[in-house]
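Structural description and commentary
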Amino acid sequence: MKFFIDTANLNEIKEAHDLGVLDGVTTNPSLMAKEGITGKKNILNHYLEICKIVDGDVSAEVISTDFDGMVKEGKELAKLDDKITVKIPMTKDGVKACKYFSSNGIKTNVTLVFSAGQALIAAKAGAKYVSPFLGRLDDISTDGLNLIEEIRIIYDNYLFDTNILAASIRHPMHIINCAKIGADVITSPLSSIMGLIKHPLTDIGLEKFLSDYKKGNK
Ligand code: E4P
């Protein structure tokens, strides 16, 4: 399973990269705004900075909502770096833009996916990634993991090569459960990735090993 980090914060991206487990980055307009990155020029430069750090795919989301606008914007984003994956919303124009990009060798990530039907359409349109939003479904008392399971079955039935990119991860158990189901990728805040490392018995065990070592080496 690949690990992407879901942030536009360069320090967090560096930290995840330095850990040696980072396979890519996803961003969205809210995450860019959170970092205070505004204006087209600054946004494009910020994507370039992210691409310098990370070795894998970097999702950059279009702001346009019509087909022509998405195509224009997506081409501009894709030109920045080979790592750029154009992130497109799951709308009628988004599906058409996805098909256009996949037919023209541009990688896509179809975002804001909340149903198996939407995921099926994204795969038909040739998306490289589909992003079901796990946490946002859980937030409204709907089983987000069940959606990931449904998409896994559908994609396996027809050997679609679209990658299931489990998004809107809220905690380490989301990551573990996505791994059990067979999501291809998770995109997560740094805190949930770091949460996978921690275990109190590891801390207690290490403390004991070190104190025993000190006793024996006085
Ligand atoms: C996915 O690519 C989105 O950027 C993200 O995972 C949304 O997460 P949120 O629901 O925590 O905003």
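Here goes a summary of the coordinates provided. (Residues numbered from 1 in each chain as written. Predicted model: local features only at pLDDT ≥ 70, side-chain atom pairs only at ≥ 80, totals over all residues. Heavy atoms only, no water.)

1. Thoughts on helix H4 (residues 67-80)
- With 14 residues, H4 extends 20 Å between its outermost C-alpha atoms, agreeing within 8% with the 20 Å of an ideal straight helix rising 1.5 Å per residue.
- Of the residues making up H4, those classed as buried are Gly69, Met70, Val71, Glu73, Gly74, Leu77 and Ala78.
- If you follow the buried residues of H4, they end up packed against helix H3 (40-53), strand S3 (57-61), strand S4 (84-89) and helix H5 (92-103). (Helix = DSSP H or I, 4+ residues; strand = E, 2+ residues; numbered from the N terminus. Expected span 1.5 Å × (residues − 1). Buried < 20%, exposed > 50% of the residue type's maximum accessible area, 1.4 Å probe, protein only. Contact = heavy atoms within 4.5 Å.)

2. Examining a nonpolar patch on the surface
- A cluster of nonpolar side chains, namely Leu19, Val21 and Ile197, defines an oily patch on the protein surface of about 250 Å² accessible area.
- Following the sequence through the fold, Ile197 ends up in helix H10 (residues 190-197). (Patch = residues over 30% accessible without salt bridge, like charges linked within 9 Å, V, L, I, M, F, W, Y side chains within 5 Å. Areas by Shrake-Rupley, 256 points an atom, 1.4 Å probe, with all protein chains shown as cover. Salt bridge = Lys/Arg side-chain N within 4 Å of Asp/Glu carboxyl O.)

3. Topic: the pattern of salt bridges
- Enumeration according to the criterion identifies eleven salt bridges in this entry.
- Residue Lys128 is joined to Asp57 by a salt bridge in which the shortest nitrogen-to-oxygen separation is 2.8 Å. With Lys128 in the loop between helix H6 (116-124) and strand S6 (129-132) and Asp57 in strand S3, this residue pair connects regions lying 71 residues apart in the sequence.
- With relative accessibility at 30%, the residue Lys128 sits in the partly exposed group.
- Between Asp212 and Lys208 there is a salt bridge whose closest N-O contact spans 2.9 Å. Separated by four residues within a single helix, Asp212 and Lys208 lie in helix H11 (residues 200-216), roughly one turn from each other.
- Through salt bridges with shared partners, a single network forms among Asp57, Lys107 and Lys128.

4. Notes on the site of the ligand
- Every residue close to the ligand is listed here: Asp6, Thr26, Asn28, Lys87, Phe133, Arg136, Ala167, Ser168 and Arg170.
- Between the ligand and Asp6, the relevant distance is 2.7 Å, taken from an oxygen atom to a side-chain nitrogen or oxygen of the residue.
- Between the ligand and Asn28, the relevant distance is 2.7 Å, taken from an oxygen atom to a side-chain nitrogen or oxygen of the residue.
- Protein contacts shield 85% of the accessible area of the ligand, which totals 350 Å² for the unbound molecule.
- Its residues assigned to classes, the shell around the ligand shows two nonpolar, three polar and four charged. (Near = heavy atom within 4 Å. Polar contact = N/O pair within 3.5 Å; in protein donor to acceptor, adjacent residues only side chain to side chain. Nonpolar A, V, L, I, M, F, W, Y, C, P; charged D, E, K, R; others polar.)

5. Structural notes on the environment of Asn9
- Here Asn9 shows up in the loop between strand S1 (2-6) and helix H1 (10-19).
- When the C-alpha positions of Asn9 and Gly144 are compared, they lie 26 Å apart, and in sequence the two are 135 residues distant.
- Within polar-contact distance, the side chain of Asn9 engages the backbone nitrogen of Asn11 at 3.0 Å.

6. Quick notes on the pairing of strand S7 (residues 163-166)
- Pairing between S6 and S7: two bridges, direction parallel. Residue Val130 lies in a different strand from S7, and its bridge partner there is Ile164.
- Two elements, S7 and strand S8 (residues 185-188), share two bridges in a ladder whose sense is parallel. Directly across from Leu165, in S8, lies its bridge partner Val185. (Pairing = 2+ DSSP bridges.)

Interpretation in functional terms is not warranted from these geometric data alone.
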